[in-house]
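Residues per chain are reported as follows:
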Amino acid sequence: SRYFTISEYPEGLPERSLFQLETQELPELKEGEVRIRNQWLSVDPYMRGRMSGVKTYVEPFELNKPLQGGALGKIIESRHQTLKEGDRVVHMGGWRDVAQLSGDQVQPLPDIDVPPQAFLGVLGMPGMTAWVGLTLVAELKSSDTVLISAASGAVGSLAAQLASQKGCTVIGSAGSQEKREWLEAHGIKAIDHHQSADEIKKALKEAAPQGIDVYYENVGGPMLEAALDVMNDFGRIAVCGMISRYNEAAPSAGPANISAVLTKRLRMQGFIVYEWIKGHEQAFYQQVGPLVADGRIEYRETMEEGLERTPDAFLALFEGSNQGKMLVKLD
Ligand code: NDP
């Protein structure tokens, strides 16, 4: 098996040289285990948090051990009762070409007619994140005006389309002209986040003179400050991510107008997908699965090819060079 490791916890934006490709002979399968040839690897912004060496809601990556992450592959050997050679499964043994795991650590693919890698994106963890954040955390209503940051990404692009299809007025932020055109083509008013908080505020006031009821927060920084200024009383902010902060070597000051949470009686709630999706998986697949399968929800993928490119794919997330879900395709 070939796999990536890190030998130190980086400060700031990681350098490409942080990631070392190692080789290891896998031991024979134990009873209950399966060996999987990975076909698709997921890279996700949260992995940066696992490289910081401190426990958040998840343990940090162990130094000099295979990194972990979402992956999809085919079972090539099995000593498990029900999982058979040839079965396709999703699991957390990513950042490597061949994974060896206990059968209870892998999930067969749901029976929905989509390309398999969709189960790492729009019908996988990022899709569930969009859905729980909007429906369960923000308790979205069709009368809401919704702001979504990183709106053309894996999470944001599903959140934006779900909100739009519910009848909400949706404003999305994205960092490139191409991404904003894609949003506009889906009925979503698009704004550029590469501006000062004051400029973003102005753009938001033009796009939503009626104010914002729900902010689906993915980035933090000036976007959050601008959003706080245009939120309506009793608005809800579902804090999904703050990617603008993940590479900060030292914490920067928070929004100057944070007291708006009080004066506007806002509800601001952070959430982690795997806690909220429990017990709702079937509802998610039933609601979102058919929309994806018949094309009512559009999803995009950006892929790097070959295991060697996994760190490049990961680092691209912080440059915003991905459109939709960032993936690595293996041979
Ligand atoms: P995306 O596909 O959205 O990729 C990340 C995008 O973030 C980039 O394409 C870029 O888009 C934008 N971005 C990068 N750096 C900055 C910055 N400094 N300021 C503003 N935007 C930036 O990734 P995901 O959809 O996988 O994740 C989106 C968010 O959701 C992340 O914050 C992630 O941590 C969070 N998340 C949270 C989960 C939870 O359980 N709470 C689960 C999964 C994801 P652009 O071109 O627009 O700049």
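Residues numbered from 1 in each chain as written. Predicted model: local features only at pLDDT ≥ 70, side-chain atom pairs only at ≥ 80, totals over all residues.

With that out of the way, let us pick up the pairing of strand β10 (residues 189-192). In the sheet, strand β9 (residues 169-174) pairs with β10 via four bridges, with the strands oriented parallel. The residue of β10 that forms the bridge with Ile171 is Lys189. Handedness of the β9-helix α4 (residues 177-185)-β10 crossover: right-handed. (Pairing = 2+ DSSP bridges. Helix = DSSP H or I, 4+ residues; strand = E, 2+ residues; numbered from the N terminus. Right-handed = clockwise from strand over helix to strand, strands pointing away.)

As a matter of local geometry, the ligand sits amid 30 residues, with Gly153, Ala154, Gly175, Gly241 and Gly320 nearest to it. Contributions of two or more residues to the shell around the ligand are made by α2 (125-137), α3 (154-165) and α10 (310-319). Here the shell around the ligand takes three residues from α3, the largest share from any one element. Taken together, the residues of the shell around the ligand sort by class into 16 nonpolar, twelve polar and two charged. Both domain 1 (2-121 + 300-329) and domain 2 (125-275) contribute no fewer than three residues apiece to the shell around the ligand. (Near = placed C-beta within 6 Å. Nonpolar A, V, L, I, M, F, W, Y, C, P; charged D, E, K, R; others polar. Domains from an automatic or database assignment.)

In this section: the environment of Gln282. In this structure, Gln282 sits in helix α9 (residues 281-293). Residues Gln282 and Cys240, spaced 42 residues apart in sequence, show a C-alpha to C-alpha distance of 21 Å.

The domain architecture assigned to the protein chain consists of domain 1 (2-121 + 300-329) and domain 2 (125-275). Here the C-alpha centroids of domain 1 and domain 2 sit 28 Å apart. In this complex, domain 1 contributes 16 residues to the contact, which on the side of domain 2 involves 16 residues. Residue composition of the side of domain 1 that touches domain 2, grouped by class: four nonpolar, eight polar and four charged. (Contact = placed C-beta atoms within 7 Å.)

Contact pair α2 / α3: the axes reach a minimum separation of 8 Å and the direction vectors enclose 45°. Here α2 lies oblique to α3, going by the angle between them. α3 is crossed by α2, and the crossing has right-handed handedness. Residues Pro126, Gly127, Thr129, Ala130, Trp131, Gly133 and Leu134 of α2 pack against Ala154, Val155, Leu158, Ala159, Leu162 and Ala163 of α3. The residue inventory of the contact of α2 with α3, partitioned by class, reads ten nonpolar, three polar and no charged. (Axes fitted to C-alpha atoms, helices over the stretch in contact; angles between N-to-C directions. Parallel < 35°, antiparallel > 145°, perpendicular 65-115°, else oblique. Left-handed = near helix turned anticlockwise from the far one by under 90°.)

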